[in-house]
Amino acid sequence: MNTIVALATSVGRSAIGVLRLSGDDSLSILSKLTQSESDPDPGRAILRSIRDPRDRQLLDHALVTFFKAPHSFTGEDIVEISCHGSPIILRQLLDVILSLGARLAEPGEFTLRAMSNGKLNLSQAEAIRDLIDARTTGAARQAVRQIGGELSNRLAPLKDELLTLIVLLESSLEFAEDDLPELQATKVHEAIGLLRERLAGLAQTYDVGHWVADGIKATIAGRPNVGKSSLFNALVRFERAIVTEMPGTTRDSISEEINIKGIPVSLTDTAGIRQAKDHIETIGIERTHRAIADADLLLVVLDGTIELNEEDHLLLDQARTTRSVVVINKSDEPSFRNPNAANHPDVNPLVVSALTGSGLDKLRAAILAPFGSVDSEAVGLLVTNARHYDLLQRALEAVDSSSDLMAEKASEELVLVGLHDALRFIGEITGETTTEDILTQVFATFCIGK
Ligand code: GDP
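Residues numbered from 1 in each chain as written. Predicted model: local features only at pLDDT ≥ 70, side-chain atom pairs only at ≥ 80, totals over all residues. Heavy atoms only, no water.

Any chance you could explain the packing of aromatic side chains here in plain terms?
When we look at a pair of aromatic rings, we describe it by the centre distance and by the angle of the planes. In this structure the tally under the stated criterion is three aromatic pairs. Summarising the aromatic geometry, the rings of Tyr206 and Tyr389 are spaced 4.3 Å apart at their centres and angled 15° between planes, so their arrangement reads as stacked. Placement of the pair is Tyr206 in helix α8 (residues 206-214) and Tyr389 in helix α14 (residues 386-407), with a sequence separation of 183 residues. By relative accessible area, which is 11% here, Tyr206 ends up buried. A relative accessible area of 23% places Tyr389 in the partly exposed class. For the pair Trp211 and Phe371, a centre-to-centre distance of 4.6 Å together with 70° between the ring planes defines the contact as edge-to-face. Residue Trp211 is found in helix α8, and its partner Phe371 is found in the loop between α13 (360-368) and α14; the two are separated by 160 residues along the sequence. Both residues of the pair, Trp211 and Phe371, belong to the buried class. The ring of Phe110 carries Arg20 above its face, with NZ or CZ at 4.3 Å from the centroid. Sitting above the plane of the Phe73 ring, Lys450 keeps its charged end 4.5 Å from the centroid. (Phe/Tyr/Trp six-rings, centres within 6.5 Å; stacked < 30°, edge-to-face > 60°. Helix = DSSP H or I, 4+ residues; strand = E, 2+ residues; numbered from the N terminus. Buried < 20%, exposed > 50% of the residue type's maximum accessible area, 1.4 Å probe, protein only. Lys NZ or Arg CZ within 6 Å of the ring centre and 35° of its normal.)

Right, here's the structure in full:
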């Protein structure tokens, strides 16, 4: 295998920057950089001077670590060079390494090599990417579990069960003159039903899992001055310590991502949209409509100190037809009215004060409520990857068709088609039956250096 190199740490100034090489020439490239005859002990970091072999120019003093094949992440010889995190030095060093015969790694190529060498399967490789991309503790925790092989471990007995059924049906095809005896047919049918339940149970976890991985988009809507921005700020401030920066946002942006029980929730304050230019109330409504068309949740804010008007009622109508939470704000005001004043019994409003923070805990819980029991920190293993979910669904459909055919007492040959399909779909999750195309697609979503 030719030797690949990439920056393993993020681009930019930092205390340390790590360049990683993998492949047959890793060690010889290292010895040219360190001008050293003796090979470093595998797995042990040593301090070396790094020079450009072309002019013996000293580039940096770095900690270098050699991992000898097959005992490395990729299963190949790996060298890691931990330099000072100066973009200039790292760039120079990268150029020198390229001049010594290594080539730049493609996105995910280290992980792809690890997979090709049997170090991990496809779902574990994807989980590494998901861990790096995780925006909350919940998403990170699920990814770590999947790197550990939990998903593959859950799939293994399902595959075994499928294989057992396939072998049974195929042998009956080969050896028996007639169809399966009645008793055995019933047992097979039952076993298929059980398998279906287990597959469905796993697939169902995606209901929660995809919110954990992809996050919830919540739009705050309400007429001017009800306290949308105040509520937005209060929710964001609450999370300030662990809030993740959204790329490209500025201080006065209208979207921020907060973390509620491990779920990334992207909050959008439509007041910010309105501020640009808006004299007519209906324009605000229109913009809000557009903002919520894209949202997973509508957070309607009412002002408890004033009468509801037409705009409030329009939003409440909207709230009833989509996932929503309705809050009545300004509960700290003496003129605050009974929430029933909203007179929309089916929206069940929450009473809050953006000013004092009262009711915000309940609001945070209510934001998650429409998404099922989304406490990602308390639940077990979740399917978080759309590709995995899609394959589980297809496996489920295949098993269903086999089950229907069993019920109709169709021939074993027909029943077998669905079981074989299901086995193939499950195999695609872990990469055993995956085509080159799918691998290319999956690894294209990795970052370079992973
Ligand atoms: P928006 O136009 O809906 O974004 O409303 P703002 O957040 O700008 O708030 C409008 C006014 O209501 C401001 O003067 C806020 O200080 C005030 N306000 C917002 N929330 C509360 C609250 O919970 N209690 C009280 N007493 N005033 C509030």
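Continuing now.
Even after reading the chapter, I still don't get the site of the ligand, so can you show me in this structure?
Taken together, 16 residues form the shell around the ligand, and within it Asn225, Lys228, Ser229, Ser230 and Asp332 come nearest. Val226 is positioned with one of its backbone polar atoms (N or O) 3.3 Å from an oxygen atom of the ligand. Take Lys330: an N or O atom from its side chain is 3.1 Å from an oxygen atom of the ligand. Starting from 570 Å² of accessible surface for the ligand in isolation, the protein chains cover 73%. The element that contributes the greatest number of residues to the shell around the ligand is helix α9 (residues 228-239), accounting for three residues. Across the shell around the ligand, the residue classes tally to five nonpolar, six polar and five charged. (Near = heavy atom within 4 Å. Polar contact = N/O pair within 3.5 Å; in protein donor to acceptor, adjacent residues only side chain to side chain. Areas by Shrake-Rupley, 256 points an atom, 1.4 Å probe, with all protein chains shown as cover. Nonpolar A, V, L, I, M, F, W, Y, C, P; charged D, E, K, R; others polar.)

Is there a simple way to explain helix α1 (residues 26-34) in this structure?
Residues lying three or four places apart along an α-helix face the same way, a consequence of the helix completing one turn every 3.6 residues. What α1 keeps buried is the set Ser26, Leu27, Ile29, Leu30, Leu33 and Thr34. Seen from one end, α1 has its buried residues packed into an arc of 160°, which puts them on one side. Structurally, α1 contributes buried residues whose contacts are with β2 (14-22), β3 (46-52), β4 (57-67), β5 (78-85) and α2 (87-99). (Arc of directions from axis to C-beta. Contact = heavy atoms within 4.5 Å.)

I keep staring at the pairing of β5 and nothing clicks. Help me out?
Looking along a regular strand, one sees side chains alternate from face to face of the sheet. Here eight bridges tie β2 to β5, and the two strands are oriented antiparallel to one another. When the sheet's bridge partners are listed, Leu19 is paired in β5 with Ile81. Pairing analysis gives five bridges linking β4 to β5, with the strands arranged antiparallel. When the sheet's bridge partners are listed, Phe67 is paired in β5 with Ile78. (Pairing = 2+ DSSP bridges.)

I would appreciate a short explanation of the pairing of strand β11 (residues 324-329) in the present structure.
Burial analysis of β11 places five of its six residues in the buried class, the great majority of the element. Note: strand β10 (residues 297-303) against β11, six bridges, orientation parallel. Opposite Val301, over in β11, you have Val327 as the bridge partner. Bridge analysis of β11 against strand β12 (residues 350-351) gives two bridges, and the strand direction is parallel. Pairing of Val327 across the sheet is with Leu350, part of β12.

Whenever I open this one, the packing of helix α4 (residues 122-133) against helix α16 (residues 436-444) confuses me. Can you help?
The description of two packed helices rests on the angle between their axes and on the distance between the axes. With their axes 10 Å apart at the nearest point, α4 and α16 run at an angle of 20° to one another. As judged from the angle between their axes, α4 and α16 are roughly parallel. Judged by the sense of rotation from one axis to the other, the crossing of α4 with α16 is left-handed. Residues Leu122, Ala125, Glu126 and Arg129 of α4 form the contact with α16, whose own contacting residues are Leu439, Val442 and Phe443. Classifying every residue of the contact of α4 with α16 by side-chain character gives five nonpolar, no polar and two charged. (Axes fitted to C-alpha atoms, helices over the stretch in contact; angles between N-to-C directions. Parallel < 35°, antiparallel > 145°, perpendicular 65-115°, else oblique. Left-handed = near helix turned anticlockwise from the far one by under 90°.)

I would appreciate a short explanation of the sheet that holds strand β6 (residues 103-104) in the present structure.
The strands that make up a sheet are held in pairs by hydrogen bonds between backbone atoms, and each pair lies either parallel or antiparallel. Taken together, six strands build an open sheet; the order of strands is β3-β4-β5-β2-β1-β6 and the sheet is mixed. Only two strands of the sheet have a single neighbouring strand rather than two, namely β3 and β6. Judged from the four bridges that link them, strand β1 (residues 4-7) and β2 form a sheet pairing that is antiparallel. Looking at β2, one finds that Ile4 is bridged to Ser22. Contacting β1, β2 and β6, helix α3 (residues 109-116) crosses the sheet at an angle of about 135° to β1.

It is not clear to me how the pattern of salt bridges should be interpreted in this structure. Could you clarify?
Side-chain pairs of opposite charge can arise whenever the charged atoms involved come near each other. If you walk through the whole model with that rule in mind, you get 21 salt bridges. For Arg54, the salt bridge is made with Asp52, and the minimal N-O distance between the two is 3.1 Å. According to the relative accessible area criterion, Asp52 is buried, its value standing at 9%. Linking Glu150 and Arg145 is a salt bridge whose minimum nitrogen-to-oxygen distance equals 2.9 Å. Using a relative accessible area of 30% as the deciding quantity, one classes Glu150 as partly exposed. Salt bridges here are not isolated pairs; linked through shared partners, they connect Glu76, Arg103, Glu109 and Arg113. (Salt bridge = Lys/Arg side-chain N within 4 Å of Asp/Glu carboxyl O.)

I would appreciate a short explanation of the sheet that holds strand β9 (residues 263-269) in the present structure.
Strands sit in the order β8-β9-β7-β10-β11-β12 across an open sheet of six strands; the sheet is mixed. Since the sheet does not close on itself, it has two edges, and those belong to β8 (255-260) and β12, each with one partner.

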